[in-house]
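Residue-level structural notes
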Amino acid sequence: MIPTGDATAILPTSSTAPITVIGTAAIRDTFDEVCLQQAINSRQAPGVTDVVLNPDAHLGYGAPVGCVMVSPTHIYPGPVGVDIKCSMSLLQLDLPADAIADRRTRREIISAICQRTPTGAGKGQRSVPKSRNVNRTLGRQLVVQGASADVCQQLGIPSEWADRCEDAFHLGHDDSAEALDIRLATLLEQRHMSNFSDKMAQLGSYGGGNHFGECEVVEVDDNRRAREVAETFGLRDGKVAFLSHCGSRGFGHNLASGQFNALQSKFSRWDIPLPAGDRQLVYAPLGTDEANAYLDDMALGANFATVNHLLINALVLEAFQEVIPGTTGSLVYFISHNIARKEIVNQRPAWVHRKGATRAFPGGHFELRDTPFAQTGHPILLPGNPRDGSAVMVADAGAEKSCYSVNHGAGRVLGRRHAKRVLDQAKIDSELDRRDILSNCRRYPKDEAPAAYKNFEEVLKSVKTAGLASEVARLKARFVIKDASGADD
DNA sequence: ATGTCC
């Protein structure tokens, strides 16, 4: 790796197709051989013009988690990821931090949230009002339309929240919703989609793994630009906010795995060479039936993820209102880190695959022209860990060198199995307790402990030093909602 | 990520 600045480097490849690396020297030391090999494989794959490796990069499916891969001619399901449109959202509440100082109040809110937005594998909605149950008809509508006015109205989602989405809806391969209707009808005849109604019932749930909901106190950075940007974002210093991380649940997983299986069997039947011999890097050239089917499935999964996040935010707001009547809230932003978007790169249209990477358009970017963030750039939501906090950032002009992308969080430094073996349960729990951070988990999952992730300050320093983005606010955790299955018995 | 292997 050849350093090109304090927090940037070039990773050369044998085909003279360099990879842009973002990260201080300390961060670059965290990239293991397999992760770098995945980046090289991705860069040398057919039709790929750019790869960016972000500071949170680690081993992924085909391509590293924490990378950007650009192609004007090909679509790659692996570098979108198994959880289509896994995303972050942030809900700003009008509550002062004092309102949740009392532990008992927080316990009540945790309980009200868990009743409405379940965690863990397979769990659909539990104690939600019947009006918010998602039947097959509404399910078919929402995966085709995304957060349309009608879908939001039916689910009790404030319609103005759609304006706070990176993408409130996704269209089919030909930029029509009809293509999604047709594709969905085909899918519903297939065996792996026979559980469609069950998957729709998962709307409004978090899932497991690194997915979470977290109650925060907002600390806006003490400088003029941060204060001005925070105002545009709708962030309120010293007030309570709620950060969520989840994706397209079982529905997105069905779509993604269906596509991997279909493409892998076609590669093998037609004896097409796999990029670097890796089945996880199967692709489809744009314009083929295979590419069209993938793009349609990605859009269907993305629409589910979008409505899932918005419903979660509506249910979380309702939970706060149950415990503290009169609470109001507004969505700051909803932004993905597992999606391919058609953007302009190097003056021409290309599919930007962000796999554990967040879009980062600075103020003045043409795609933001009709949004509330035209002047400032849009909010970038970066989960860190409950001990050190999470961050809200805004892109700077330098983001052009990373294909207008930044990292998506801290990034794993210990594999799950490794973390469960070496980390101490009592120490994890007492550290959170000492900081008065509560959780629905009796014991915090070891494989999700702060120590299982990279040093968040060093990751943020990489992003800032490389000139990609600036910090606007820090979010300090007050309680965490997670699936507990990674904790000791 | 995921009814933790269709």
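What you see as residue numbers is a count from 1 along each chain, following the sequence as written. Labels follow written order: the first chain is A, the first ligand is 1, and so on. At least 70 in pLDDT is required for a residue's local features to be given in this predicted model, at least 80 for side-chain atom pairs to be given and counted, and no such filter applies to totals for whole chains, interfaces and linings, which use all residues. Computation of side-chain values: all heavy atoms of the structure, hydrogens and water removed.

1. Considering the UniProt feature "binding site: Mn(2+) 2" (unreviewed entry) in chain A
UniProt positions are given in the numbering used here, feature names are shortened, and annotations may be inferred rather than shown by experiment. UniProt records the feature "binding site: Mn(2+) 2" (unreviewed entry) at His245 and His337, using the numbering of this structure. In sequence the annotated residues extend across 93 residues, while in space they remain close, none of their C-alpha pairs exceeding 10.2 Å. Numbered from the N terminus, helices here are DSSP runs of H or I no shorter than four residues, and strands are runs of E no shorter than two. Relative to the helices and strands, His245 is located in strand S9 (residues 239–246). It only takes one pair of heavy atoms within 4.5 Å for two residues to be counted as in contact. The residues contacting His245, other than those within four sequence positions of it, are Cys86, Ser87, Met88, Tyr206, Asn210, His211, Phe212, His309 and His337. Between N or O atoms, a polar contact is any pair within 3.5 Å; within protein, one atom must be a potential hydrogen donor and the other a potential acceptor, and residues adjacent in sequence are included only when both atoms are from side chains. Of the polar contacts made by the side chain of His245, one reaches the backbone oxygen of Asn210; its length is 3.0 Å. Per-residue accessibility, obtained with a 1.4 Å probe over protein chains only, is compared with the maximum for each type, and a residue is labelled buried under 20%, exposed over 50%, and partly exposed between these values. Look at His337 and you get buried, because its relative accessible area is 2%. His337 has contacts with Cys86, Ser87, Met88, His245, Arg354, Lys355, Gly356, Ala357, Thr358 and His408, leaving out every residue within four places of it along the chain.

2. Points about the UniProt feature "binding site: Mn(2+) 1" (unreviewed entry) in chain A
On the UniProt side, "binding site: Mn(2+) 1" (unreviewed entry) is annotated at positions that read Asp83 and His211 here. Across 129 residues of sequence, these annotated residues stay compact in space, with a maximum C-alpha separation of 11.0 Å. Here Asp83 lies in the loop between strand S6 (74–75) and strand S7 (87–96). Judged by relative accessible area, which is 14%, Asp83 ranks as buried. Summarising the element assignment, His211 is placed in the loop between helix H7 (196–200) and strand S8 (212–220). Under the relative-accessibility criterion, His211 is labelled buried at 10%. If sequence neighbours within four positions are ignored, His211 has contacts with Asp83, Cys86, Tyr206, His245, Cys246, Gly247, Ile481 and Lys482.

3. Some points on the sheet that holds strand S12 (residues 338–345)
Should DSSP find at least two bridges between two strands, the strands are taken to pair. Ordered in space as S1-S2-S3-S4-S5-S13-S12, the seven strands form an open sheet in which the pairing is mixed. Strand pairing shows two members of the sheet lacking a second neighbour, strand S1 (2–3) and S12, which therefore form its edges.

4. A closer look at unusual backbone geometry
A positive phi angle is found at Asp271, which is not glycine, with a value near 55°. Examined against the element boundaries, Asp271 turns out to sit in the loop between helix H9 (249–269) and strand S10 (284–285). Unlike most non-glycine residues, Asp436 shows phi in positive territory, near 60°. Here Asp436 is to be found in the loop between helix H12 (425–434) and strand S18 (438–439).

5. A short note on the side chain of Ser42
Looking at where Ser42 falls in the secondary structure, it is placed in helix H2 (residues 33–44). For Ser42, a relative accessible area of 0% translates into the label buried. At 2.7 Å, the side chain of Ser42 forms a polar contact with the backbone oxygen of Gln38. Here Ser42 is in contact with Val48, Val51, Gly62, Ala63, Pro64, Met69 and Leu281, once residues within four sequence places are set aside.

6. So, the packing of helix H3 (residues 103–116) against helix H10 (residues 289–323)
Only the stretch in contact is used when a helix axis is fitted, and all axes are lines through C-alpha atoms; the angle between N-to-C directions ranges over 0 to 180 degrees. Where H3 meets H10, the closest approach of the two axes is 9 Å, and the angle between their N-to-C directions is 140°. Here H10 runs oblique to H3, going by the angle between their axes. Crossing geometry of H3 relative to H10 is assigned as right-handed. Seen from H3, the contacting residues are Thr105, Glu108, Ile109, Ala112, Ile113 and Arg116; seen from H10, they are Leu315, Val316, Glu318, Ala319, Phe320, Glu322 and Val323. Reported orientations rely on four angle classes, namely roughly parallel under 35 degrees, roughly antiparallel over 145, roughly perpendicular from 65 to 115, and oblique for the rest. The hand of a helix crossing depends on one turn: near helix anticlockwise from the far one by less than a right angle means left-handed, and clockwise means right-handed.

7. Quick notes on the protein's contact with DNA strand B
Any residue with a heavy atom positioned within 4 Å of a molecule or strand is treated as near that molecule or strand. Around DNA strand B, the surrounding shell holds 17 residues, and the nearest of these are Lys199, Gly208, Gly209, Asn210 and Arg249. The contact atoms of DNA strand B, taken as those within 4 Å of the protein, divide so that sugar and phosphate hold 66%. Within the side chain of Asn195, an N or O atom sits 3.4 Å from a base nitrogen of DNA strand B. Broken down by secondary-structure element, the contributors of at least two residues to the surface near DNA strand B are H7 and H9. No other element matches the three residues that H9 contributes to the surface near DNA strand B. Under the scheme applied here, ten amino acids are nonpolar (Ala, Val, Leu, Ile, Met, Phe, Trp, Tyr, Cys and Pro), four are charged (Asp, Glu, Lys and Arg), and all others, including Gly, are polar. Within the surface near DNA strand B, the residues separate by chemical class into two nonpolar, ten polar and five charged.

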